[in-house]
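Chain and residue survey
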Amino acid sequence: MRDVAIIGVSQTKFGELWDISFRDLVTEAGLKAVADADIEGAEIEAMFVGNMTAGLFVQQEHIASLIADHAGLTPMPCTRVEAACASGGLALRSGIMAVASGYHDIVISAGVEKMTDVVDPTPAIATASDQEWEAQQGVTFPSLYAMIAKRHMHQYGTTREQLAMFSVINHKNGALNPLAQFPMEITVDQVLNSSRVADPLRLLDCSPVTDGAAAVILCPAEDARKYTDTPIYVKASAQASGTIALHDRRDITTIDSSVHAARTAYDMAGLEPKDIQAVEVHDCFSINGLLAIEDLGFVEKGQAGPAVEDGITQRDGKIPVNPSGGLKSRGHPLGATGIAQTAEMVWQLRGEAGKRQIDGIEVGMTHNIGGTGGTAAVHIFGR
Ligand code: COA
């Protein structure tokens, strides 16, 4: 296996983007990543695109062909990768495996979702849950995560305020991110008084409905310095599966796929949680941010609430979490999220994250999950 490096990254503005089409959105991300890597489009040998459900959001399937065609990259092979909200993380992993195996040299892994063209995105998002046992019974993602939140509060004494703190810290970081969908600071009171979505979760506990795309360019580590002075190396790429339905879990307050993927990633990189200097976690709802810092090993099980309250996840804390603003503030265009997390970590490791820069970090992690944890992808990157 060859070592792999990232030589280019990009993210489009995230938000409700009425004036750009699905195909233009992902092409914009691709072109920006190519420019960032300072390569020619023709040098790219293969593309992997993470997308959850263009068929339901923009009535377009066969998007791999559409994208290669629209970007003028035919006959380059392009493959769509789908794993709900973890589609981006798995598109990245597919690209890494293609380069590591020696099958291709320069690969682009992208992610895209255009969610705001439908009146109600909730039924489309709910297809990532178990149709027979969850969605068809009327359960939605906010309500699935609400059940997890209730259980975590019951089992560990996690408070409503501690959940709110997670959103507050995300927005504090996101306010410094010009590409974020909701770049404003919020307070605990605003979270507690925002409209109720699925008790105990409120509007400001939820990631929004987002249009956006992101891309990364990969090459063999040994070639990386031909393209850039600051290659970022892939130290680990791990993936795990979990039960799709919540009721089949041994414990709904732990996402076992995150635990397994993290353990594999730490082993692969020869690192431990204490070595990670920043992490982008999959906080589709505030409770999931809390589960993530437990499942990735940064705090003991059940201790995420007090840890967030103590400020350890702030940008100057012991383990800075979501310097980009996370899914809550940056936005969550499902299939693009895993790639956008990677772009943020690369900017942080290069020292190019502007006002939200964490000083002097050498090693960072991304954590991207699909559904309530049916899929998890964990990556570790280093300078
Ligand atoms: N954070 C902050 N503000 C938000 C927001 C969010 N998550 N979602 C919407 N808003 C704002 C809107 O900009 C709008 O503001 P305005 O009145 O000033 O224009 C207002 O809140 C109402 O927006 P609207 O689009 O009507 O909200 P909604 O009630 O239709 O949707 C949610 C809110 C939380 C239900 C929706 O964002 C949602 O379903 N989120 C979860 C998405 C999801 O499940 N993703 C997959 C996770 S696994």
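**A word on the overall build of the protein chain**
For the protein chain, the helix and strand inventory stands at 13 helices and eleven strands. On C-alpha atoms alone, the protein chain measures out to a radius of gyration of 19 Å, which is about the 21 Å that the 2.2 N^0.38 rule sets for 383 residues. Each of the three principal axes of the protein chain carries a C-alpha extent, and together these read 55 × 45 × 35 Å. Burial status across the protein chain gives 64% buried among its 383 residues. Split by element, the accessible area of the protein chain, about 14,200 Å² in all, is 50% carbon and sulfur. Taken as two groups, the 29 positive and 47 negative side-chain charges of the protein chain have centres that lie 4 Å from each other.

**Some points on the pattern of salt bridges**
Using the criterion set out here, one finds 17 salt bridges in the structure. Residue E61 is joined to R80 by a salt bridge in which the shortest nitrogen-to-oxygen separation is 2.8 Å. Here R80 lies in strand β3 (residues 78-81) and E61 lies in the loop between α2 (54-57) and α3 (63-70), a separation of 19 residues in the sequence. Overall, E61 belongs to the partly exposed group, its relative accessible area being 47%. Put simply, R250 and D256 hold a salt bridge, and the shortest N to O gap is 2.7 Å. Here the salt bridges do not stand alone but share partners, grouping D36, R350 and E352 into one network.

**Points about the domain arrangement of the protein chain**
Each domain of the protein chain was delimited in the assignment, giving domain 1 (4-120 + 210-226) and domain 2 (122-207 + 234-382). Placing the centre of domain 1 and that of domain 2 at their C-alpha centroids yields a distance of 22 Å. Contacts between domain 1 and domain 2 engage 44 residues on the former and 38 residues on the latter. The contact between domain 1 and domain 2 buries some 3,200 Å² in all, and 67% of this surface belongs to carbon and sulfur atoms. When the buried surface of domain 1 facing domain 2 is broken down by residue, Q11, F14 and C85 rank first, second and third, together holding 20% of it. For the interface between domain 1 and domain 2, the tally reads one salt bridge. For the salt bridge of R350 with D36, the shortest nitrogen-to-oxygen distance reads 2.9 Å. Looking at the side of domain 1 that touches domain 2, its residues break down into 22 nonpolar, 15 polar and seven charged.

**Re the packing of helix α6 (residues 141-156) against helix α10 (residues 286-295)**
In contact at an axis separation of 9 Å, α6 and α10 are set at 60° when each is read in the N-to-C sense. Regarding the angle of α6 to α10, the classification is oblique. Between α6 and α10 the crossing geometry is left-handed. Seen from α6, the contacting residues are Y145, I148, A149 and H152; seen from α10, they are I287, N288, L291 and E294. Grouping the constituent residues of the contact of α6 with α10 by class yields five nonpolar, two polar and one charged.

**A word on the side chain of S324**
In this fold, S324 is placed in the loop between α11 (304-309) and α12 (326-330). A distance of 3.0 Å separates a polar side-chain atom of S324 from the backbone nitrogen of G326. What S324 contacts, discounting residues up to four positions off in sequence, is G174, N177, E280, R330, E344 and R356.

**Concerning the site of the ligand**
Near the ligand, the surroundings consist of 15 residues, among which L203, C206, S207, P208 and K328 are the closest. Measuring from a nitrogen atom of the ligand, one finds a backbone N or O atom of S207 at 2.8 Å. In this structure, a nitrogen atom belonging to the ligand sits 3.5 Å away from a main-chain N or O atom of P208. Its free accessible area being 930 Å², the ligand has 58% of it covered by the protein chains.

**Some thoughts on the packing of aromatic side chains**
Applying the stated criterion across every chain, the model contains two aromatic pairs. Judged by centre distance (6.5 Å) and plane angle (35°), the rings of F141 and Y145 are tilted. In this pair, F141 and Y145 both sit in helix α6, four residues apart, roughly one turn of the helix. Taking the relative accessible area as the measure of exposure, Y145 reaches 1% and is therefore buried. Clustering of aromatic rings is evident, with ring pairs tying together F141, Y145 and F285.

**Details of the pairing of strand β2 (residues 46-50)**
Within a regular strand, the side chains alternate between the two sheet faces. For β2, the buried fraction is high: five of the five residues fall into the buried class. Across the two faces of β2 the burial is the same, with A46, F48 and G50 and M47 and V49 all buried. Two elements, β2 and strand β4 (residues 107-114), share five bridges in a ladder whose sense is parallel. Bridge pairing in β4 places A46 opposite V107. Relative to β3, β2 runs parallel, the two being bridged by four bridges. Opposite V49, over in β3, you have R80 as the bridge partner.

**What to know about a negative patch on the surface**
The grouping of E161, D189, E309 and D310 at the surface amounts to a negative patch. As for its placement among the helices and strands, D310 is situated in the loop between α11 and α12.

**Quick notes on the state of the cysteines**
If you walk through the whole model with that rule in mind, you get zero disulfides. For C85, which is in no disulfide, the shortest distance to another cysteine sulfur is to C284 and amounts to 6.4 Å.

**Some details on the packing of helix α1 (residues 22-37) against α3**
Axis separation between α1 and α3 bottoms out at 10 Å; the angle between their running directions is 65°. When you trace α1 past α3, the crossing you get is right-handed. Of the residues in α3, those in contact with F22, R23, D24, V26 and T27 of α1 are I63, L66, I67 and H70. Classifying every residue of the contact of α1 with α3 gives five nonpolar, two polar and two charged.

What counts as what
Residues numbered from 1 in each chain as written. Predicted model: local features only at pLDDT ≥ 70, side-chain atom pairs only at ≥ 80, totals over all residues. Heavy atoms only, no water. Helix = DSSP H or I, 4+ residues; strand = E, 2+ residues; numbered from the N terminus. Rg over C-alpha atoms; globule rule 2.2 N^0.38 Å. Buried < 20%, exposed > 50% of the residue type's maximum accessible area, 1.4 Å probe, protein only. Areas by Shrake-Rupley, 256 points an atom, 1.4 Å probe, with all protein chains shown as cover. Lys, Arg positive; Asp, Glu negative; His and termini not counted. Charge placed at Lys NZ, Arg CZ, Asp CG, Glu CD. Salt bridge = Lys/Arg side-chain N within 4 Å of Asp/Glu carboxyl O. Domains from an automatic or database assignment. Contact = heavy atoms within 4.5 Å. Buried area = accessible area lost by both parts, 1.4 Å probe. Nonpolar A, V, L, I, M, F, W, Y, C, P; charged D, E, K, R; others polar. Axes fitted to C-alpha atoms, helices over the stretch in contact; angles between N-to-C directions. Parallel < 35°, antiparallel > 145°, perpendicular 65-115°, else oblique. Left-handed = near helix turned anticlockwise from the far one by under 90°. Polar contact = N/O pair within 3.5 Å; in protein donor to acceptor, adjacent residues only side chain to side chain. Near = heavy atom within 4 Å. Phe/Tyr/Trp six-rings, centres within 6.5 Å; stacked < 30°, edge-to-face > 60°. Pairing = 2+ DSSP bridges. Patch = residues over 30% accessible without salt bridge, like charges linked within 9 Å, V, L, I, M, F, W, Y side chains within 5 Å. Disulfide = S-S within 2.5 Å.

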